[in-house]
Amino acid sequence: MKDIAKRFPENPLLLPKDLKPSQDGLQVISLLNPGVFRFEEKTWLLVRVAEGVAQKEGVIFFPALNATGNTEIIEVPLNDPNLIATDARVISYKGLDYLTTVSHLRLLRSDDGIRFSEPEAKASLFGQGYLERFGIEDCRVTQIDDTYYLTYTAVSDSGVGVGLKTTKDWQHFQSGGMILPPHNKDCAIFEETIQDKYYCLHRPSSKEIGGNYIWLAESSDTRQWGNHQCIIKTRPGMWDSARVGAGAAPIRTEHGWLEIYHGANAEHQYCLGAFVMDLNDPSKVIGRTKDPIMVPTEAYELSGFFGYVVFTNGHIVDGDQLTIYYGAADEFVCGARFSVQEILSKLTYDQ
């Protein structure tokens, strides 16, 4: 299937070997799904760094954070009858689920949006407290006035929820705690208020009734969210039949709020699509792409830690040019450009 993405010829921009582990005994397994923002006239990525432990024969190791944010290594014999280790991403041990990696967020900057490096003066962000024991993941960055809002996936044995931090200088961070409880993720805050209210997209999950759909919520302070409404559902038989989730903050256009989202099918193959919401009432979806605007086609998107994946939660907008930074195959960070007008031309309005 042909898409409309113009991939960077330099892709992949970042590979696991490009970053050092956060501590001895760990190794960087994957770089994923960066939040993106501009600060001090530079392009910045807040990359999810997934770390694991080198394995040895007969034993499996997996990491978890303790309450102080330090990584503990759990060791289990492979022949332990309480161990289920059939998934590359999740291990079940004594009835509890653990991730095979633990993630933190690391800041990288670039003068040209292509070559990124890690500044020594900027600290990485690690999970803190029992609700972030298995790490923090997939941060979206929203700028409103001089404040940056960081919404991220907080993972623990209590479930997967949405955490919030704010900063003005990327040196000092204020925690807003868990703003959406489990099971929830893929939270993107709009970069403008609408009739004095903040809005966000989010993705609650249900294993029983319903599905993995995109919802809208509103708030007076970005901490307490209410008036939740389901606005985008999966579509049977299509590329987004199994789950959908928001990307980065919606983009204001003359036609409405444009959102780039990810969708996956039953085979866990991830593509990108788009939909547009009414400018004054974002609960009204007025258009959606039938076909994906980006499909995994390159070798670095088809093969990696978890293949056939393109996933974005960060972008830069310059007029009609939309530059997305995305995770490829759950292992590499890449870039691609789109025309906003071309995306809008692919929308259909017979929802």
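Residues numbered from 1 in each chain as written. Predicted model: local features only at pLDDT ≥ 70, side-chain atom pairs only at ≥ 80, totals over all residues. Heavy atoms only, no water.

Looking at the nonpolar core
Core analysis: the largest hydrophobic core is formed by 24 residues, its most contacted members being Met294, Tyr326, Phe338 and Ile343. Counting residues per element, the ones that place at least two in this core are strand S20 (256–264), strand S21 (270–277), strand S24 (321–328), strand S25 (332–339) and helix H2 (340–345). Formed by 17 residues, the second largest nonpolar core is a distinct cluster that contains Phe190, Leu216, Trp239 and Tyr261. (Core = buried A, V, L, I, M, F, W, Y, C linked by side-chain atoms within 4.5 Å. Buried < 20%, exposed > 50% of the residue type's maximum accessible area, 1.4 Å probe, protein only. Helix = DSSP H or I, 4+ residues; strand = E, 2+ residues; numbered from the N terminus.)

A closer look at the sheet that holds strand S6 (residues 83–84)
What the three strands build is an open sheet, ordered S6-S7-S8; its pairing is antiparallel. Here the strands that pair on one side only, and so sit at the sheet edges, are S6 and strand S8 (96–99). (Pairing = 2+ DSSP bridges.)

Focus on the packing of aromatic side chains
The description of an aromatic ring pair uses the distance of the two centres, along with the angle that the planes make with each other. By the definition in use, this model includes 15 aromatic pairs. The interplanar angle of 50° and the centroid separation of 6.5 Å between the aromatic rings of Tyr149 and Tyr198 together place this pair among those described as tilted. One end of the pair, Tyr149, is in strand S11 (residues 147–156); the other, Tyr198, is in strand S15 (residues 198–204), with 49 residues separating them in the sequence. Taking the relative accessible area as the measure of exposure, Tyr149 reaches 10% and is therefore buried. With a relative accessible area of 18%, Tyr198 lands in the buried category. Of the aromatic side chains, those joined through ring pairs into one cluster are Phe37, Phe39, Trp44, Tyr148, Trp170 and Phe173. (Phe/Tyr/Trp six-rings, centres within 6.5 Å; stacked < 30°, edge-to-face > 60°.)

Structural notes on the layout of surface pockets
By volume, the largest pocket amounts to about 1,400 Å³. Around the largest pocket, the lining comprises 44 residues; the ones closest to its centre are Arg89, Val90, Leu99, Val160 and Lys185. Those elements that place two or more of their residues in the lining of the largest pocket are strand S2 (27–39), strand S3 (42–52), S8, strand S9 (102–110), strand S10 (136–144), S11, strand S12 (159–167) and strand S14 (184–189). Looking at which element gives the most residues to the lining of the largest pocket, the answer is S8, with four residues. A per-class count over the lining of the largest pocket returns 15 nonpolar, 16 polar and 13 charged. In this structure, the second largest pocket spans a volume of roughly 420 Å³. Around the second largest pocket, the lining comprises 26 residues; the ones closest to its centre are Glu191, Ile251, His315, Ile316 and Val317. Broken down by secondary-structure element, the contributors of at least two residues to the lining of the second largest pocket are S2, S10, strand S19 (251–253), strand S23 (310–318) and H2. (1 Å grid on protein atoms, 1.4 Å probe; cavity = no way out; pocket = protein on both sides within 12 Å on 5 of 7 lines; lining within 4 Å. Points joined across faces, edges and corners; volume = space filled by probe spheres on them. Nonpolar A, V, L, I, M, F, W, Y, C, P; charged D, E, K, R; others polar.)

Comments concerning the sheet that holds strand S16 (residues 214–219)
Spatial ordering of the open sheet is given by S14-S15-S16-S17, a layout of four strands whose pairing is antiparallel. Edge positions in the open sheet fall to S14 and strand S17 (225–232), since each of these has one partner strand only. Across the sheet, the mean angle separating the axes of adjacent strands is 30° when strand polarity is ignored. Bridge analysis of S14 against S15 gives four bridges, and the strand direction is antiparallel. From the neighbouring strand, Ala188 faces S15, where its bridge partner is Leu201. (Axes fitted to C-alpha atoms, helices over the stretch in contact; angles between N-to-C directions.)

Section: the environment of Ala50
Here Ala50 shows up in strand S3. In this structure, the C-alpha to C-alpha distance between Ala50 and Tyr152, residues 102 residues apart in sequence, is 14 Å. Not counting the four nearest positions on each side in its chain, Ala50 is found in contact with Gln27, Val28, Ile29, Ser30, Leu32, Thr101, Val102 and Ser103. (Contact = heavy atoms within 4.5 Å.)

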